[in-house]
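Coordinate inspection notes
Below are the chains, spelled out letter by letter.
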Amino acid sequence: MKAKTLGREGGYNCIVCIKQVPDTKQVTGEAMKADGTINRAALPAIFNPEDRNALEAALRVKENYGGTVTVVTMGLPAACAILRTALMCGADKAYLVTDRKAAGSDTLATSYILSQAVRTLKPDLVFCGRQAIDGDTAQVGPQIAEKLDFAAVTYLQDIQMDGDYAIATRDIGTGVETDRVKLPALFTVTDKLGELRPMDVRRVMKYKRAMAPGENGGVALEGDLAIGQLTCDDIGAEADRCGFAGSPTKVSNIVSVVLKGGDYKDVTPDDAGVAGLVGELIADHTIG
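What comes next is a walk through the structure. Bear in mind that the values here come from a model prediction, so they are computed numbers and not experimental data. (Residues numbered from 1 in each chain as written. Predicted model: local features only at pLDDT ≥ 70, side-chain atom pairs only at ≥ 80, totals over all residues. Heavy atoms only, no water.)

**A closer look at the state of the cysteines**
- Within this structure, the stated rule accounts for zero disulfides.
- Of the cysteine sulfurs around Cys232, a residue in no disulfide, the closest is that of Cys242, at 4.0 Å.
- The buried category is assigned to Cys232, whose relative accessible area is 0%. (Disulfide = S-S within 2.5 Å. Buried < 20%, exposed > 50% of the residue type's maximum accessible area, 1.4 Å probe, protein only.)

Here you go:
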């Protein structure tokens, strides 16, 4: 039986943490630097796929129960490209967290910086993609929740609201689980929730020139066309917890794995062929 759900007066303040990532489907030999970091200039940048699902989750909450959707990303001014995409799809506000102090941040430092940014926005619900394709750690979302002391629900595939609670359906691998979660709470989202809706043509025309200070040497537009820009100082982030200083993760070495074709043996598709192959595998102790 489907739970009866109701919103609340004024709706919900939804924050979505998104990331611009290198397209790992286009990896080449130049994709990694000698120090173990990704050579982002060698790969095209895209909107992290599961962050798109997270944005869709927030937009559904806004659509069904009212409220606002704010997107936040950390990176260089070029990351404003995905903020514009989010605005074109239905987000109300966008913020870029950019600061030299944040350079080289691992998941611990990234989650700290984002948690400080999210804290300033006073959310009811926070949505993150399950993981980013440039790291595949799935650590940042739960770490943000821990730093904010929010309940964390992972692998979200459906959400409904009931006053100050969220009714969250999550994938647990062998089935689904439904949780009733007190707000504020954070949710990591998978592609099972559904694809991000298409961009709205009117919003495309409205936000195509939205930018943050410093992007392409430009100045942020005023009013609702502005992309807000935040520094570590703006969000009260301690310098020794940001960037390289706050990142205990160290890459010791990188190994380039090249898969090459080897010898093969034709096996006739009959009982005799299979029996012969099994006999050879047993003889050389591959099996048995």
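**Brief notes about the pattern of salt bridges**
- Counted according to the given criterion, the structure contains twelve salt bridges.
- In this structure, the salt-bridge partner of Asp164 is Arg8, at a minimum N-O distance of 2.6 Å. Taken together, the residues Asp164 in the loop between β7 (151-162) and β8 (165-171) and Arg8 in the segment before β1 (12-17) connect sequence positions 156 residues apart.
- Exposure remark for Asp164: the relative accessible area of 37% places this residue in the partly exposed category.
- One network of salt bridges, in which partners are shared, links Glu56, Arg60, Glu63 and Arg197. (Salt bridge = Lys/Arg side-chain N within 4 Å of Asp/Glu carboxyl O. Helix = DSSP H or I, 4+ residues; strand = E, 2+ residues; numbered from the N terminus.)

**A short note on the packing of aromatic side chains**
- Summed over the entire model, instances satisfying the criterion amount to two aromatic pairs.
- Plain terms: the ring middles of Tyr12 and Tyr65 are 6.5 Å apart, the flat faces sit at 85° to each other, and that makes the pair edge-to-face. A residue pair is termed long-range when its members are at least 10 positions apart, and Tyr12 in strand β1 and Tyr65 in helix α1 (residues 49-65) qualify at 53 residues.
- For the ring pair Phe127 and Phe187, a centre distance of 5.4 Å and an interplane angle of 25° mean the geometry is stacked. Here Phe187 lies in strand β10 (residues 185-189) and Phe127 lies in strand β6 (residues 125-129), a separation of 60 residues in the sequence. For the pair Phe127 and Phe187, one class covers both residues: buried. (Phe/Tyr/Trp six-rings, centres within 6.5 Å; stacked < 30°, edge-to-face > 60°.)

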